[in-house]
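Listed below, chain by chain, are the residues.
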Amino acid sequence: MDVSLIISNILNPPILFFFLGMTAVFVKSDLEIPAPIPKLFSLYLLFAIGFKGGVELIKSGITQEVVLTLAAAMFMACLVPIYTFFILKLKLDTYDAAAIAATYGSISAVTFITASAFLTELGIHFDGYMVAALALMESPAIIVGLILVNLFTVDEKRDFSWPEVLQEAFLNSSVFLLVGSLLIGFLTGEHGWKVLEPFTQGLFYGVLTFFLLDMGLVAARRIKDLQKTGVFLVLFAILIPIVNAGIGLAIAKFISLPPGDSLLFAVLCASASYIAVPAAMRLTVPEANPSLYVSTALAVTFPFNIIVGIPLYLYGINLFWR
Amino acid sequence: MDVSLIISNILNPPILFFFLGMTAVFVKSDLEIPAPIPKLFSLYLLFAIGFKGGVELIKSGITQEVVLTLAAAMFMACLVPIYTFFILKLKLDTYDAAAIAATYGSISAVTFITASAFLTELGIHFDGYMVAALALMESPAIIVGLILVNLFTVDEKRDFSWPEVLQEAFLNSSVFLLVGSLLIGFLTGEHGWKVLEPFTQGLFYGVLTFFLLDMGLVAARRIKDLQKTGVFLVLFAILIPIVNAGIGLAIAKFISLPPGDSLLFAVLCASASYIAVPAAMRLTVPEANPSLYVSTALAVTFPFNIIVGIPLYLYGINLFWR
Amino acid sequence: MDVSLIISNILNPPILFFFLGMTAVFVKSDLEIPAPIPKLFSLYLLFAIGFKGGVELIKSGITQEVVLTLAAAMFMACLVPIYTFFILKLKLDTYDAAAIAATYGSISAVTFITASAFLTELGIHFDGYMVAALALMESPAIIVGLILVNLFTVDEKRDFSWPEVLQEAFLNSSVFLLVGSLLIGFLTGEHGWKVLEPFTQGLFYGVLTFFLLDMGLVAARRIKDLQKTGVFLVLFAILIPIVNAGIGLAIAKFISLPPGDSLLFAVLCASASYIAVPAAMRLTVPEANPSLYVSTALAVTFPFNIIVGIPLYLYGINLFWR
Amino acid sequence: MHLVKKIEIIANSFELSRILDGLDKSGVHGHAVIRNVAGKGLRGTAEDLDMTMLDNVYILAFCMPEHVKPVVENIRPLLNKFGGTCYISDVMEIRSTKCIASL
Amino acid sequence: MHLVKKIEIIANSFELSRILDGLDKSGVHGHAVIRNVAGKGLRGTAEDLDMTMLDNVYILAFCMPEHVKPVVENIRPLLNKFGGTCYISDVMEIRSTKCIASL
Amino acid sequence: MHLVKKIEIIANSFELSRILDGLDKSGVHGHAVIRNVAGKGLRGTAEDLDMTMLDNVYILAFCMPEHVKPVVENIRPLLNKFGGTCYISDVMEIRSTKCIASL
Ligand SMILES: Nc1ncnc2c1ncn2[C@@H]1O[C@H](COP(=O)(O)O)[C@@H](O)[C@H]1O
Ligand SMILES: Nc1ncnc2c1ncn2[C@@H]1O[C@H](COP(=O)(O)O)[C@@H](O)[C@H]1O
Ligand SMILES: Nc1ncnc2c1ncn2[C@@H]1O[C@H](COP(=O)(O)O)[C@@H](O)[C@H]1O
Ligand code: NA
Ligand code: NA
Ligand code: NA
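Residues numbered from 1 in each chain as written. Chains lettered and ligands numbered in written order. Predicted model: local features only at pLDDT ≥ 70, side-chain atom pairs only at ≥ 80, totals over all residues. Heavy atoms only, no water.

> Where do I start with the overall build of chain D in this structure?
Looking only at helices and strands, chain D has 3 helices and 5 strands in total. In sequence order, the secondary structure elements of chain D are arranged as β-α-β-β-α-β-α-β. At a minimum sequence separation of 6, the contacts of chain D that also span at least 24 residues come to 80%. Here chain D has roughly 3,900 Å² of accessible surface; of this, 54% comes from carbon and sulfur atoms. (Helix = DSSP H or I, 4+ residues; strand = E, 2+ residues; numbered from the N terminus. Contact = heavy atoms within 4.5 Å. Areas by Shrake-Rupley, 256 points an atom, 1.4 Å probe, with all protein chains shown as cover.)

> Whenever I open this one, the overall build of chain A confuses me. Can you help?
Regarding its fold elements, chain A presents 15 helices and 0 strands. Here chain A has a C-alpha radius of gyration of 19 Å; the compact-globule value for 322 residues is 20 Å, and the two agree. Here the C-alpha coordinates of chain A stretch approximately 55 × 50 × 40 Å along the principal axes. The burial tally for chain A puts 66% of its 322 residues in the buried class. For chain A, long-range pairs separated by at least 24 residues make up 89% of all intrachain contacts whose partners lie at least 6 apart in sequence. By element, 69% of the accessible surface of chain A is carried by carbon and sulfur atoms, the whole surface being about 10,700 Å². Each charge class in chain A can be summarised by its mean position, and for the 16 positive and 21 negative side chains these summaries are 4 Å apart. (Rg over C-alpha atoms; globule rule 2.2 N^0.38 Å. Buried < 20%, exposed > 50% of the residue type's maximum accessible area, 1.4 Å probe, protein only. Lys, Arg positive; Asp, Glu negative; His and termini not counted. Charge placed at Lys NZ, Arg CZ, Asp CG, Glu CD.)

> What am I meant to see in the confidence of the model for chain A here?
Caution applies to low-pLDDT parts of the model: their predicted coordinates are not meant to be read in detail. Chain-level statistics for chain A give a pLDDT mean of 93 and a share of 98% at 70 or above. Of all secondary-structure elements in chain A, the lowest mean pLDDT belongs to helix α1 (residues 2-10) of chain A, at 77, while helix α13 (residues 259-270) of chain A reaches the highest, 98. (pLDDT = per-residue confidence, 0-100.)

> Please clarify how a nonpolar patch on the surface should be interpreted in this entry.
Residue and element names in this part refer to chain A. On the surface, a cluster of nonpolar side chains totalling about 720 Å² of accessible area is made up of I82, F86, I147, L151, F152, W162, L166 and F170. Broken down by secondary-structure element, the contributors of at least two residues to the nonpolar patch are α4 (64-89), α8 (140-152) and α9 (162-170). With respect to the secondary-structure elements, F170 resides in helix α9. The class of F170 is partly exposed, set by a relative accessible area of 41%. (Patch = residues over 30% accessible without salt bridge, like charges linked within 9 Å, V, L, I, M, F, W, Y side chains within 5 Å. Salt bridge = Lys/Arg side-chain N within 4 Å of Asp/Glu carboxyl O.)

> Is there a simple way to think about the packing of aromatic side chains in this case?
The geometry of an aromatic ring pair is captured by two quantities: the separation of the ring centres and the angle between the planes. Counting across every chain of the model gives 50 aromatic pairs over all chains. For the ring pair F47(B) and F210(C), a centre distance of 5.1 Å and an interplane angle of 65° mean the geometry is edge-to-face. Of this pair, F47(B) sits in helix α3 (residues 37-60) while F210(C) sits in helix α11 (residues 204-223), each in a different chain. Judged by its relative accessible area of 1%, F47(B) falls in the buried class. Sitting over the ring of W321(B), K253(B) keeps its end group 4.8 Å from the ring centre. (Phe/Tyr/Trp six-rings, centres within 6.5 Å; stacked < 30°, edge-to-face > 60°. Lys NZ or Arg CZ within 6 Å of the ring centre and 35° of its normal.)

> Would you mind showing me how to read the packing of helix α5 (residues 94-105) of chain A against α8(A) here?
Any two packed helices are characterised by the angle at which their axes cross and by the distance between the axes. Residues and elements named next belong to chain A. At a minimum axis separation of 8 Å, α5 and α8 run at an interaxial angle of 160°. One way to sum up the angle between α5 and α8 is to call them roughly antiparallel. Relative to α8, α5 is oriented so that their crossing is right-handed. Along the contact surface, α5 presents T94, Y95, A98, A102 and G105, while α8 presents A141, G145, L148, V149 and F152. Taken together, the residues of the contact of α5 with α8 break down into 7 nonpolar, 3 polar and no charged. (Axes fitted to C-alpha atoms, helices over the stretch in contact; angles between N-to-C directions. Parallel < 35°, antiparallel > 145°, perpendicular 65-115°, else oblique. Left-handed = near helix turned anticlockwise from the far one by under 90°. Nonpolar A, V, L, I, M, F, W, Y, C, P; charged D, E, K, R; others polar.)

> I would appreciate a short explanation of the coordination of the sodium ion (ligand 5) in the present structure.
Octahedral metal centres with six donors ideally show angles of 90 or 180 degrees, and tetrahedral centres with four donors ideally show 109.5 degrees. Residues and elements named next belong to chain B. Each protein donor to the sodium ion (ligand 5) is listed here as Y104 (O), S106 (O), L268 (O), C269 (O) and S271 (O); together their distances run 2.5 to 2.9 Å. Each donor residue of the sodium ion (ligand 5) belongs to the same chain, and together they define the spacing Y-x1-S-x161-L-C-x1-S. Of this pair, Y104 sits in helix α5 (residues 94-105) while S271 sits in the loop between α13 (259-270) and α14 (276-284), and the two are 167 residues apart along the sequence. Judged on exposure class, the residue Y104 and its partner S271 are both buried. (Donors = N, O, S within 2.8 Å, 3.2 Å for Na, K, Ca; no water.)

> Looking at this model, I keep getting lost on the pattern of salt bridges. Mind explaining?
In a structure, side chains of opposite charge can pair up when their charged atoms sit close to one another. Summed over the entire model, instances satisfying the criterion amount to 22 salt bridges over all chains. Measuring nitrogen to oxygen at the nearest pair gives 2.8 Å for the salt bridge that ties R18(F) to E164(C). Linking R18(F) in helix α1 (residues 16-25) with E164(C) in helix α9 (residues 162-170), this pair reaches from one chain into another. Accessibility expressed as a relative area gives 35% for E164(C), which makes it partly exposed. Residues joined in a network through salt bridges with shared partners are R222(A), D225(A) and K228(A).

> Help me understand the arrangement of the chains in this model?
The least C-alpha distance between chain C and chain D, which are not in contact, is 13 Å. With no contact between them, chain B and chain F keep their nearest C-alpha atoms 13 Å apart.

> Please clarify how the relation of the copies chain B and chain A should be interpreted in this entry.
These two copies of the chain differ by a rotation about an axis and a displacement along the same axis. Of the transformation superimposing chain B on chain A, the axial component is 0.0 Å and the angular component is 120°, with the fit at an RMSD of 0.0 Å. What the rotation and shift describe, once combined, is the action of a three-fold rotation axis. The two copies present different faces, since only 10% of the interface residues in chain B are matched by interface residues at the equivalent positions in chain A. (Least-squares fit on C-alpha atoms with pLDDT ≥ 70 in both.)

> So what exactly am I meant to see when it comes to the nonpolar core here?
The nonpolar side chains of a soluble globular protein tend to be buried, and buried together. Counting 393 residues, the largest nonpolar core has F265(A), F265(B) and F265(C) as the members making the most contacts within it. Not counting chain neighbours up to four residues away, the residues in contact with F265(A) comprise A72(A), A73(A), M76(A), M130(A), M137(A), G248(A), I251(A), A252(A) and L257(A). Counting residues in hydrophobic clusters, the runner-up holds 30 residues, among them I34(E), V37(E), F62(E) and V4(F). (Core = buried A, V, L, I, M, F, W, Y, C linked by side-chain atoms within 4.5 Å.)

Below, the structure is given as structure tokens:
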């Protein structure tokens, strides 16, 4: 049953194009999506998912369920970086541990989007306000990571300014565009949706497919970095997502989220940031080694989640939600 | 009534994304639409609007109304740079005055497109041949501006070649693509329209929205330049569009244009060029200061027109057209 | 009849935009499609055509007709570079002759796509598996060209590695993306098609149109190179496509292909590569002069095929297929 | 034609605004910036540009020789903290009205 | 390995064809052009590249020392009129067949 | 502040990986690459970049003077075969901790 879900997930164009991208690197094809096209696609995806989420949020209203979900999202975004930090400290220094912990406390929008495309195809409903949870979970881990660095390094006073850090955490382009599109969707509602639909809905699946082709290229190029990161981090990058998804599912069950929303919540908990957090970490914790936190998130956790994780978590939901 | 129009205009995705772009700059978010994506979008918009205009022109035929409208467009494109030149000369030297006058004599295609999207949404009809007026009004102001410079500077003989100037005025990429697409729309008619519709029509509103996000970023970045331009130019950049729209509406009434076409004509008169004319001025009047003519057109007149101007001019039409 | 076909072909948006691009260069307009937008469009076209071909291949199954067509494709991809090599040797040295022969032995995907758009418009059916023939015909000519160079140059041992050449021939980005998309279309079938349709089908014609605008720019810029190539090569670049199309049609008739497929097969035989082969030749036969093989393929054969060739070959089919 | 100094800096794009501030503070008001530079340095490759937003920029600034010292003082701490390299060389400037004469 | 001169020009993109013509006329037939250069000079920032089409280009040309004078004579009027800067420096060229020997 | 050598290579993009290998083998592990460089050289213009995939790259590598000789030995055959140019010049590096002192 699990395996059949995995296979039906894999036989989707986006996942297959992800494999195609990885294959291109392995066979040394010169295929590449030239910059800044991937950037355009990622802006488009944030715009489309945010806008759609906003439109659905105005339809559903801000119910108790919404508030509970957002509180749970906030909770997980703080819990994950703290507990993983102590696991990582076993093997790594404070800087690297904090940076990786922050990476896993935050989320990957593309993983979320892939999961929502998967649900759409299976005909499982999910709520638009999950996009608000996505937006809410991007930033806290950056702050938590930085507080951890400050608590656990005693030597010299680190010279960074909190305003700059908050800026980086809450106003970086991903968060800003996502939240902005959500608000605009919220303001323009059904009316705005109708005029934008051919753009935000019609192209969505195709752009995601093309974008995952590029993600495959990027992830595969990072794989050779994994030799430097070592077995510990590779295991970490596979097991922690499963644990986080498990905690996420337990919370979802506890606050009685419907199956679709639960899957998305689990995916948010399980995913790791490879854009916003790495950018913030380069700036705020320059002592940490970027190839550690980028490579684990990008070359292990991301492929694991979209290929195995999403159907696996859905399998868990199928077991416990009936 | 006016205010309710403004609000219904503002609550549209394109305008809201324009605000989002401006906000991104004000809160120092690192959001940016990487080059050359905005260029692609602006080529797309010219292509789509030109093609659609051509298809509709072949349907309506070249009637007396069309000829009258184009004559009026030509008239305004020559009148505006001349009369504004003398106003500007009160405070500025000949070079700057001529360059700014040319900027305001020409038009902004995106303002026109935003107005047409606004009309579409309100269900107000407008004619495809207005695109021909748009195309016609881009270039004359460049020539007029240059003649003014030649008449009012006596010192040394300016070494520029008329062929080069005409080239720059009539064959710059915006004019060329717009006119070319118009012709092709005209040639292929309904048949061509059908095959291109998902591309030119389906995506139109979405691309406009995305493009206005970038325009918001660009306009906001220019706002700090306004300190250097001074109060005179800022007032000029708000009042002259209103005056020009007023003249435009009077002419439209005089030649009995229907409301939708009248609005578009007023918007053409009111808008200022921030691409074609600045590029031509750098080349033909290098003595003028680009930040004066670019910043007024981009950071004042453009936002004013799309936020306040378009609904304001429509309000005027609602008053006088019944 | 031939002329009316040519005219109905010319009055299509893609061809008209190709002319518009050429005109832009001739009148020295500064119109340009900035890099890497044309690259994005060409990736999109390969993706869309490959995916669609795969989906249709799974519907039709791998019949005897398919196998025969692919065998014929393979045959022509080997025959053309060999026989043209000896013609070219009359006037050129071995390196240039082999490089140009390889160029004409391979194919141009955009010519194929333009032909398929032309068929779609005329309502003539063609089979999805022709895309497999397209994919199959890209690479062999590179290998054949290289063998010819090795056979006909005796002086020093050329230092190149066959693995590198095979890599370049079979894993270059065009071939890789086309074959990959074909496989994915094959794997996901009707189901995958439905979710991707607005992207791969809806935008197809529009992107092709935009892309041909760029091709017009590029082809026209190359035209001045033709002075250096001389009359012999210009004649070659017009006559050889006609001969190849003729041979292709004869074979198509012999294996009883339906009219639509026959046209596409003739177009494959007639077209010359201006991307994959030139890139491979720069690497494997650096002694050859790139402007010879790029300019003939791009500035003569490509325009000839899309403007005159496609309707001409269809005229031939109309004569003999009834 | 007179001698000026050429300052070349390659650094991560997130340092750009800080470096330009540093130049400005040191009295160097002109600069040119090339984006999307790939590369490899002490901290490994930076080729997956847009994905990870960790692309490099190449900053060029030509200045009077006396500005070099303040520039180095302002830029070095940034490069030491965030990575990046800075090089200085001699070039002749062609712009002043009399430069032809001096050839 | 022999000494050649390196010419670096930063100017607005609309000057590009004129500058390349100037180089060509001066006998410098090789050049390399990098587009989309942002920057700040005497005439203010030029960062809103595509919107206003006022982006800069960075032109590199390596040439024999004797070509420098004609280049300067041809390019300077353009730069004076339309803006932009030009710098010249010394580099060693590695291309001729015997260059290894001279190291 | 100490003297290093600056190596500038302009070549076709398909040579890039080979050239970087050559640098690496010669002990030069840092480099920066700018893509999409248009230009004109012995083999004609290369401006139709994406269409024909024949665009150039501009490679910058700063290295110790003793590395120049092996670099030249490794790179020259490539440039002779596939085209492209290589230039070498002197620059001062600002990075080591004591560089301010030496000014
Ligand atoms: N020796 C070098 N030559 C050229 N570019 C370099 C060199 N070292 C570093 N870089 C560039 O500077 C960036 C940052 O260097 P680093 O701080 O050492 O990681 C690298 O990604 C390269 O683009
Ligand atoms: N001192 C400088 N160093 C580096 N680039 C400069 C300098 N001055 C000017 N530039 C570049 O040249 C362009 C035109 O300069 P200008 O004509 O002074 O406005 C600017 O936008 C910069 O990109
Ligand atoms: N003298 C030169 N100055 C600057 N760039 C050059 C020069 N010669 C060649 N190039 C660049 O190097 C590329 C390859 O040169 P080539 O191998 O001579 O065709 C050209 O396309 C130019 O971009
Ligand atoms: Na997470
Ligand atoms: Na106007
Ligand atoms: Na062929």
